[in-house]
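# Structural overview for review
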Amino acid sequence: MKGMHSILVACFLPLAFACFLASAFDPSPLQDFCVAIDDTTDAVFVNGKFCKDPKLVVADDFFFSGLNKPGNTYNRVGSNVTTVNVDQIPGLNTLGISLVRIDYAPYGENPPHTHPRGTEILVVVQGTLYVGFVTSNPENRLITKILYPRDVFIFPIGLIHFQYNVGNTTTLAFAGLRSQNAGVITIANAMFGSNPPINPDVLTKAFQLDKNVVTHLQSIF
(Lines give C-alpha, C1' and ligand atoms only; values in the text may rest on other atoms or scores of the structure.)
Protein backbone atom coordinates (compact mmCIF):
# COMPACT_ATOMS: atom_id res chain seq x y z
CA MET A 1 0.00 0.00 0.00
CA LYS A 2 1.23 3.47 -0.80
CA GLY A 3 3.28 4.97 1.98
CA MET A 4 3.48 1.73 3.97
CA HIS A 5 6.21 2.26 6.59
CA SER A 6 8.39 -0.19 8.45
CA ILE A 7 10.58 0.70 11.42
CA LEU A 8 13.94 -1.02 11.79
CA VAL A 9 16.04 -0.98 14.95
CA ALA A 10 19.63 -2.21 14.65
CA CYS A 11 22.03 -2.72 17.57
CA PHE A 12 25.65 -3.59 16.88
CA LEU A 13 28.01 -5.54 19.21
CA PRO A 14 30.28 -5.04 21.01
CA LEU A 15 28.74 -1.58 21.11
CA ALA A 16 25.57 -3.05 22.52
CA PHE A 17 24.20 0.34 23.37
CA ALA A 18 24.77 1.79 19.91
CA CYS A 19 21.32 1.39 18.40
CA PHE A 20 20.07 3.08 15.26
CA LEU A 21 16.47 3.81 14.32
CA ALA A 22 15.61 3.77 10.60
CA SER A 23 12.32 4.50 8.86
CA ALA A 24 11.72 2.96 5.43
CA PHE A 25 8.78 3.06 3.05
CA ASP A 26 7.75 1.97 -0.41
CA PRO A 27 6.88 5.11 -2.48
CA SER A 28 4.64 3.24 -4.94
CA PRO A 29 1.40 1.26 -4.64
CA LEU A 30 1.95 -2.38 -3.74
CA GLN A 31 -1.03 -3.58 -5.75
CA ASP A 32 -2.15 -3.21 -9.38
CA PHE A 33 -4.92 -0.78 -8.46
CA CYS A 34 -7.24 0.31 -5.66
CA VAL A 35 -10.54 1.34 -7.22
CA ALA A 36 -12.27 3.75 -4.83
CA ILE A 37 -15.75 2.97 -3.51
CA ASP A 38 -18.06 4.50 -0.91
CA ASP A 39 -19.26 1.16 0.47
CA THR A 40 -17.11 0.18 3.45
CA THR A 41 -18.27 -3.45 3.55
CA ASP A 42 -15.29 -5.78 3.17
CA ALA A 43 -13.17 -2.87 1.98
CA VAL A 44 -9.65 -1.62 2.73
CA PHE A 45 -8.96 2.06 3.42
CA VAL A 46 -6.07 3.34 1.24
CA ASN A 47 -5.13 6.95 0.33
CA GLY A 48 -8.32 8.41 1.75
CA LYS A 49 -10.60 6.03 -0.15
CA PHE A 50 -11.97 2.54 0.37
CA CYS A 51 -10.82 -0.06 -2.16
CA LYS A 52 -13.17 -2.13 -4.25
CA ASP A 53 -12.70 -5.90 -4.27
CA PRO A 54 -10.31 -6.43 -7.25
CA LYS A 55 -12.45 -9.32 -8.46
CA LEU A 56 -15.40 -6.90 -8.88
CA VAL A 57 -13.49 -4.25 -10.86
CA VAL A 58 -14.84 -3.43 -14.34
CA ALA A 59 -13.66 -1.28 -17.26
CA ASP A 60 -15.94 1.62 -16.29
CA ASP A 61 -13.93 2.02 -13.06
CA PHE A 62 -11.12 3.37 -15.26
CA PHE A 63 -13.22 5.33 -17.76
CA PHE A 64 -14.56 8.87 -18.22
CA SER A 65 -16.37 10.39 -21.19
CA GLY A 66 -17.00 14.07 -21.79
CA LEU A 67 -13.71 15.89 -22.41
CA ASN A 68 -14.87 16.53 -25.97
CA LYS A 69 -17.50 18.96 -24.66
CA PRO A 70 -16.55 22.64 -24.19
CA GLY A 71 -17.06 23.99 -20.68
CA ASN A 72 -19.35 26.94 -19.98
CA THR A 73 -17.16 30.07 -19.85
CA TYR A 74 -20.01 32.52 -19.25
CA ASN A 75 -18.84 33.53 -15.79
CA ARG A 76 -16.92 36.28 -13.98
CA VAL A 77 -13.45 35.10 -15.09
CA GLY A 78 -14.30 33.72 -18.53
CA SER A 79 -12.98 30.20 -18.08
CA ASN A 80 -14.15 26.73 -17.14
CA VAL A 81 -12.21 23.77 -15.73
CA THR A 82 -13.52 20.27 -16.36
CA THR A 83 -11.86 18.03 -13.77
CA VAL A 84 -11.11 14.34 -14.17
CA ASN A 85 -9.73 13.13 -10.85
CA VAL A 86 -10.42 10.26 -8.48
CA ASP A 87 -13.96 11.54 -7.92
CA GLN A 88 -14.74 11.03 -11.62
CA ILE A 89 -12.56 7.94 -12.24
CA PRO A 90 -12.40 5.79 -9.09
CA GLY A 91 -9.61 3.71 -10.63
CA LEU A 92 -7.25 6.69 -10.23
CA ASN A 93 -7.05 6.02 -6.48
CA THR A 94 -3.37 5.53 -5.44
CA LEU A 95 -2.11 6.11 -9.02
CA GLY A 96 -1.00 9.70 -8.45
CA ILE A 97 -2.32 11.34 -11.63
CA SER A 98 -5.36 13.33 -12.82
CA LEU A 99 -6.41 15.49 -15.76
CA VAL A 100 -8.32 18.68 -16.52
CA ARG A 101 -9.75 20.37 -19.60
CA ILE A 102 -9.63 24.19 -19.48
CA ASP A 103 -11.76 26.35 -21.77
CA TYR A 104 -11.13 30.09 -22.04
CA ALA A 105 -13.45 32.71 -23.52
CA PRO A 106 -11.78 35.54 -25.45
CA TYR A 107 -9.64 37.37 -22.88
CA GLY A 108 -10.78 34.95 -20.21
CA GLU A 109 -8.46 33.67 -17.52
CA ASN A 110 -7.88 30.88 -15.07
CA PRO A 111 -7.17 33.25 -12.15
CA PRO A 112 -4.17 32.97 -9.79
CA HIS A 113 -4.41 29.74 -7.81
CA THR A 114 -2.33 26.93 -6.36
CA HIS A 115 -2.50 23.14 -6.32
CA PRO A 116 -1.33 22.09 -2.84
CA ARG A 117 -0.82 18.43 -3.78
CA GLY A 118 0.42 18.33 -7.36
CA THR A 119 2.72 19.71 -10.05
CA GLU A 120 0.85 20.60 -13.28
CA ILE A 121 1.88 20.13 -16.92
CA LEU A 122 -0.24 22.06 -19.41
CA VAL A 123 -0.51 21.76 -23.21
CA VAL A 124 -2.31 24.28 -25.43
CA VAL A 125 -4.55 22.75 -28.10
CA GLN A 126 -5.89 25.93 -29.69
CA GLY A 127 -5.52 29.64 -29.10
CA THR A 128 -2.86 31.68 -27.30
CA LEU A 129 -2.22 31.81 -23.56
CA TYR A 130 -0.15 34.09 -21.36
CA VAL A 131 0.87 31.87 -18.44
CA GLY A 132 3.07 32.24 -15.42
CA PHE A 133 3.88 31.38 -11.83
CA VAL A 134 5.47 33.20 -8.88
CA THR A 135 8.33 31.71 -6.90
CA SER A 136 8.17 31.48 -3.10
CA ASN A 137 9.29 34.09 -0.56
CA PRO A 138 11.45 36.10 -0.34
CA GLU A 139 12.18 36.31 -4.08
CA ASN A 140 8.59 36.21 -5.43
CA ARG A 141 9.94 36.15 -8.97
CA LEU A 142 7.41 36.09 -11.80
CA ILE A 143 8.16 33.54 -14.54
CA THR A 144 5.96 33.93 -17.63
CA LYS A 145 5.60 32.68 -21.20
CA ILE A 146 3.29 33.12 -24.19
CA LEU A 147 2.04 29.71 -25.33
CA TYR A 148 0.75 28.69 -28.75
CA PRO A 149 -0.90 25.46 -29.95
CA ARG A 150 1.11 22.36 -28.96
CA ASP A 151 3.30 24.34 -26.53
CA VAL A 152 3.80 22.84 -23.06
CA PHE A 153 4.42 24.57 -19.71
CA ILE A 154 5.03 23.36 -16.14
CA PHE A 155 3.61 24.83 -12.92
CA PRO A 156 5.56 23.53 -9.89
CA ILE A 157 3.61 22.11 -6.96
CA GLY A 158 2.20 24.65 -4.52
CA LEU A 159 3.23 27.81 -6.41
CA ILE A 160 0.70 30.49 -7.39
CA HIS A 161 0.09 30.37 -11.14
CA PHE A 162 -2.39 31.56 -13.78
CA GLN A 163 -3.37 31.40 -17.46
CA TYR A 164 -4.81 34.30 -19.49
CA ASN A 165 -6.25 34.11 -23.00
CA VAL A 166 -4.58 36.99 -24.85
CA GLY A 167 -6.54 36.39 -28.07
CA ASN A 168 -9.99 37.38 -29.27
CA THR A 169 -10.94 33.75 -29.95
CA THR A 170 -11.63 30.85 -27.61
CA THR A 171 -8.67 28.88 -26.29
CA LEU A 172 -8.45 25.24 -25.20
CA ALA A 173 -5.84 23.53 -23.05
CA PHE A 174 -5.43 20.23 -21.24
CA ALA A 175 -3.37 19.72 -18.10
CA GLY A 176 -2.12 16.71 -16.20
CA LEU A 177 -1.51 16.84 -12.46
CA ARG A 178 0.75 14.69 -10.32
CA SER A 179 -1.97 13.69 -7.88
CA GLN A 180 -5.21 11.75 -7.94
CA ASN A 181 -6.74 14.93 -6.49
CA ALA A 182 -4.32 17.86 -6.55
CA GLY A 183 -6.74 20.29 -4.91
CA VAL A 184 -7.09 23.94 -5.91
CA ILE A 185 -6.98 27.17 -3.92
CA THR A 186 -8.07 30.21 -5.93
CA ILE A 187 -6.36 33.11 -4.18
CA ALA A 188 -9.06 35.78 -4.52
CA ASN A 189 -11.85 33.37 -3.61
CA ALA A 190 -9.98 32.11 -0.56
CA MET A 191 -9.08 35.57 0.74
CA PHE A 192 -12.25 37.52 -0.07
CA GLY A 193 -14.81 34.73 -0.22
CA SER A 194 -13.97 32.65 2.85
CA ASN A 195 -16.79 31.29 5.02
CA PRO A 196 -17.06 32.88 7.52
CA PRO A 197 -15.43 36.06 6.16
CA ILE A 198 -11.96 37.06 7.30
CA ASN A 199 -11.96 40.18 9.47
CA PRO A 200 -11.64 43.09 6.99
CA ASP A 201 -8.94 44.66 9.17
CA VAL A 202 -6.72 41.66 8.43
CA LEU A 203 -7.16 41.97 4.67
CA THR A 204 -6.87 45.77 4.74
CA LYS A 205 -3.41 45.51 6.25
CA ALA A 206 -2.34 42.42 4.29
CA PHE A 207 -3.19 43.86 0.88
CA GLN A 208 -2.64 47.54 1.79
CA LEU A 209 -6.11 48.42 0.55
CA ASP A 210 -8.76 50.84 1.73
CA LYS A 211 -11.18 49.06 4.04
CA ASN A 212 -14.11 50.01 1.80
CA VAL A 213 -12.40 48.25 -1.10
CA VAL A 214 -11.93 45.14 1.03
CA THR A 215 -15.57 45.03 2.12
CA HIS A 216 -16.66 45.52 -1.50
CA LEU A 217 -14.47 42.63 -2.64
CA GLN A 218 -15.87 40.46 0.15
CA SER A 219 -19.38 41.27 -1.04
CA ILE A 220 -18.75 40.00 -4.58
CA PHE A 221 -16.74 36.85 -3.82
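Preceding block: the structure.
Residues numbered from 1 in each chain as written. Predicted model: local features only at pLDDT ≥ 70, side-chain atom pairs only at ≥ 80, totals over all residues. Heavy atoms only, no water.

What follows deals with the overall build of the chain. Each helix and strand in the chain was counted, giving three helices and 15 strands. Going through the 221 residues of the chain one by one, you find that 33% of them count as buried. Taking all contacts inside the chain whose residues are at least 6 apart in sequence as the whole, residues at least 24 apart take part in 64%. Carbon and sulfur atoms form 60% of the exposed surface of the chain, whose accessible area is close to 13,500 Å². (Helix = DSSP H or I, 4+ residues; strand = E, 2+ residues; numbered from the N terminus. Buried < 20%, exposed > 50% of the residue type's maximum accessible area, 1.4 Å probe, protein only. Contact = heavy atoms within 4.5 Å. Areas by Shrake-Rupley, 256 points an atom, 1.4 Å probe, with all protein chains shown as cover.)

Now for the pairing of strand 8 (residues 109-114). Pairing geometry for strand 8 and strand 13 (residues 161-165), over three bridges, is antiparallel. Its bridge partner lying in strand 13, His113 is registered against His161. Note that strand 8 and strand 15 (residues 185-186) share two bridges and pair antiparallel. Residue Thr114 lies in a different strand from strand 15, and its bridge partner there is Ile185. (Pairing = 2+ DSSP bridges.)

With 16 residues, the main nonpolar core has Tyr104, Leu122, Leu129, Val131, Leu147, Phe153 and Phe155 as its most contacted residues. Sorting the residues of this core by element identifies strand 7 (98-104), strand 9 (120-126), strand 10 (129-134), strand 12 (152-155) and strand 14 (171-177) as the ones contributing at least two each. Setting aside chain neighbours within four positions, we find Phe155 in contact with Thr119, Glu120, Leu122, Val131, Gly132, Phe133, His161, Phe162 and Gln163. In terms of nonpolar packing, the next biggest core, distinct from the first, is built from six residues, Ala36, Val86, Ile89 and Leu92 among them. (Core = buried A, V, L, I, M, F, W, Y, C linked by side-chain atoms within 4.5 Å.)

We now examine helix 2 (residues 200-207). For helix 2, the side-chain oxygen to backbone nitrogen distance between the N-cap and Asp201 is 2.8 Å, and the N-cap itself is Asn199. Remark: Gln208 follows helix 2 within two positions and exhibits a positive phi of approximately 55°. (Polar contact = N/O pair within 3.5 Å; in protein donor to acceptor, adjacent residues only side chain to side chain.)

Moving on, we get to the environment of Leu95. Turning to its location among the elements, Leu95 is positioned in the loop between strand 6 (79-84) and strand 7. Note on Leu95: relative accessible area 39%, which makes it partly exposed. Taking the C-alpha atoms as reference points, Leu95 and Phe33, separated by 62 residues in sequence, lie 7.5 Å from one another. Beyond its immediate stretch of four places on either side in the chain, Leu95 contacts Asp32 and Gln180.

Here we take up unusual backbone geometry. Backbone torsion omega between Asn137 and Pro138 reads 0°, so that peptide bond is classified as cis. Following the sequence through the fold, Pro138 ends up in the loop between strand 10 and strand 11 (142-147). A cis amide bond links Asn195 with the next residue in sequence, Pro196, at an omega value of 0°. Mapped onto the elements, Pro196 comes out in the loop between helix 1 (187-192) and helix 2. Of note, Tyr107 is a non-glycine position whose phi angle comes to about 60°, a positive value. Relative to the elements of secondary structure, Tyr107 occurs in the loop between strand 7 and strand 8. Within the chain, Arg150 stands out as a residue other than glycine whose phi angle is a positive 75°. Residue Arg150 is classed as exposed on the basis of its relative accessible area, which comes to 68%.

For the structure shown, the criterion picks out one disulfide. Between Cys34 and Cys51 runs a disulfide, and the two sulfur atoms are separated by 1.6 Å. Torsion about the S-S bond of the Cys34 and Cys51 cystine: about -70°, corresponding to left-handed handedness. Taken together, the residues span a long stretch of sequence, with Cys34 in the loop between strand 2 (19-25) and strand 3 (36-37) and Cys51 in strand 5 (residues 49-51) at a distance of 17 residues. Classification of Cys34 as buried rests on a relative accessible area of 1%. (Disulfide = S-S within 2.5 Å.)

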